[in-house]
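Structural overview for review
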Amino acid sequence: MLRRAARTLFAGALVALAVSQAPNTALAEGTFDLPPGAQFSQSKLERIDAFFKTIIAEGKIPGALVYIEQRGKPIYHKHFGVRDVATQAPVTDDTIFRLASLTKPFTSFAVMMLVDDGKLKLDDPVSKYIPAFADVKVGVEKKRDDGEKYLDFEPVKRPIKVSDLLLHTSGITYGFYGDTLVRKAIAAAKIYDGDPSNAEFAERIARLPLQEQPGTLWDYGNSYEVLSRVVEVASGKSFYTYQKERLFDPLGMKDTRYYLSTDEQKARMAQPMPNDADFRVGRPSRPDIVKKWESGGGGLTSTPSDVIRFVRMLLHKGELDGKRYLSEASFKEMTTDQIGPGSGIARDHFYFPGDGFGYGYGLGVRTDPGNAKPPPPGSIGELKWDGASGCYFVVDPKQEMFFVLMEQTPSQRQPIQRELKKLVYEAMEN
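Remember, it's a predicted structure, so these values are computed and weren't measured experimentally.

All right, on to the sheet that holds strand β14 (residues 364-366) then. Pairing within the open sheet is antiparallel, and its 8 strands lie in the order β4-β3-β2-β17-β16-β15-β14-β13. Only two strands of the sheet have a single partner each, and these edge strands are β4 (89-90) and β13 (357-359).

So, on to the nonpolar core. Residues Phe109, Phe133, Val226, Leu247 and Phe310 are the most contacted members of the largest nonpolar core, which totals 85 residues. Excluding anything up to four places from it in sequence, Val226 contacts Val126, Ile130, Phe133, Leu165, Ile172 and Ile205. By size, the runner-up hydrophobic cluster in this structure holds 26 residues, among which are Tyr76, Met401, Ile416 and Met428.

The next point concerns the packing of aromatic side chains. Summed over all chains, the structure comprises 27 aromatic pairs. Ring centres 5.8 Å apart and planes at 40 degrees place the aromatic pair Phe239 and Tyr258 in the tilted group. Here Tyr258 lies in the loop between α8 (239-251) and α9 (263-267) and Phe239 lies in helix α8, a separation of 19 residues in the sequence. Judged by its relative accessible area of 0%, Phe239 falls in the buried class. Using a relative accessible area of 3% as the deciding quantity, one classes Tyr258 as buried. Among the aromatic residues, those joined into a cluster by ring pairs are Tyr174, Phe176, Tyr177, Trp218, Tyr220, Phe350, Tyr351, Phe352, Tyr359 and Trp385. Positioned above the aromatic ring of Tyr325, the side-chain terminus of Lys323 is 5.4 Å from the ring centre. In this structure, Lys384 packs its charged tip against the face of Phe357, placed 4.1 Å from the ring centre.

Attention now moves to the confidence of the model for the protein. On average, the protein scores 93 in pLDDT, and the residues at 70 or more come to 93%. Between the elements of the protein, mean pLDDT differs from a low of 41, seen in helix α1 (residues 2-21), to a high of 99, seen in strand β17 (residues 401-406). Predicted confidence for residues 1-28 stays below pLDDT 50, and this span has 5 contacts to residues more than four positions away or in other chains.

Our next topic: the environment of Phe133. In this structure, Phe133 sits in the loop between α3 (104-116) and β6 (137-143). Each C-alpha atom, one on Phe133 and one on Gln417, is 37 Å from the other, the two residues being 284 residues apart in sequence. Contacts of Phe133, omitting those with residues within four sequence positions, involve Val126, Ser127, Ile160, Ile172, Ala202, Ile205, Ala206 and Val226.

Attention now goes to the pattern of salt bridges. In the structure shown here, the tally under the stated rule is 29 salt bridges. Taking the shortest distance from any N to any O, the salt bridge between Arg413 and Asp386 comes out at 2.6 Å. Here Asp386 lies in strand β15 (residues 383-386) and Arg413 lies in helix α12 (residues 413-426), a separation of 27 residues in the sequence. Residue classification places Asp386 among the buried positions, given a relative accessible area of 17%.

Conventions adopted
- Residues numbered from 1 in each chain as written.
- Predicted model: local features only at pLDDT ≥ 70, side-chain atom pairs only at ≥ 80, totals over all residues.
- Heavy atoms only, no water.
- Pairing = 2+ DSSP bridges.
- Helix = DSSP H or I, 4+ residues; strand = E, 2+ residues; numbered from the N terminus.
- Core = buried A, V, L, I, M, F, W, Y, C linked by side-chain atoms within 4.5 Å.
- Buried < 20%, exposed > 50% of the residue type's maximum accessible area, 1.4 Å probe, protein only.
- Contact = heavy atoms within 4.5 Å.
- Phe/Tyr/Trp six-rings, centres within 6.5 Å; stacked < 30°, edge-to-face > 60°.
- Lys NZ or Arg CZ within 6 Å of the ring centre and 35° of its normal.
- pLDDT = per-residue confidence, 0-100.
- Salt bridge = Lys/Arg side-chain N within 4 Å of Asp/Glu carboxyl O.

What follows is the structure, given as structure tokens:
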């Protein structure tokens, strides 16, 4: 009996030792923060096929493309449905999609390249590049004696910095959602009317009140539209010219641009379902009509092939095919949560990175499991972003993996993105 008891105690000690020495990730729930080295099951990846075939058959979307790459090898590359129900043309690698807010990571990358070049600093006041921002005011809601709300205007406690634009902490918001008086004032200003240049558009923004004091709150808005003008002033070139010369052409992104100028390009453009054509971004989304304004917040069009090149470069920390596009220091800063605990920055009710995510420069950064039980799939350190059109990417450095979703569906994008991510991580096995 003593020998049996001793063996039991010894075995229990070995188990306890093994558990204590095992990495915490091994104890993670579900598909959140899987241990590194996970492999994909091809049979489980087939569930992605079934999901997209079903929603296309139900008439929810015309088509989509999904691409998964891990450790430098394509794992999954499938085209579903059509790019336009009117023409029945299939989705292809060179189909042109509106990126909407997926434009923002490209804009932030351009800014960080200028930082590397020494042509701007993140702490620079925006007024250094756009003088009109020297006089911005914060709109503060107050009530009259009869209960009527009105806006009072207060000076800023500190200037808006370039970093505030990158982080959506500038106080500049959008006017197409929410019901604050500042947002209503933005909507009433009709800032999208006519054919403004980037310079003129930035001036329009500078004349409007800020929603809050700079550096206090993550508040999604027109900050990236202002950044596109900052890039122009700092580089001495048009926004698109700078991006094309420094990023798009060197990276081999031959089909990424703001406007489609040829019939051949327009013929390759993906269209949403006819009853799902409102992108709900406060303005028409018509890249087939060439204008002066090159929207750094949501104007790019691109192809799966081009977006995959960019996302692959993000997985490789700013380098691809032997060429470095961003210094290691700048890339680290861009992909580090800048608004977490200790930053003094609160999160707006409309906090689009979502639960468990901080925010770098143009990218959501996974920092914790979040509050859901079990946590949504993913890994600590994950990078992601998406846009109102439905295009979406996730970079998982821990698993040396990324995936890209290209689609055009304002109404279905969130449920599709959630389900795709779930299916991707459920297909991974250790």
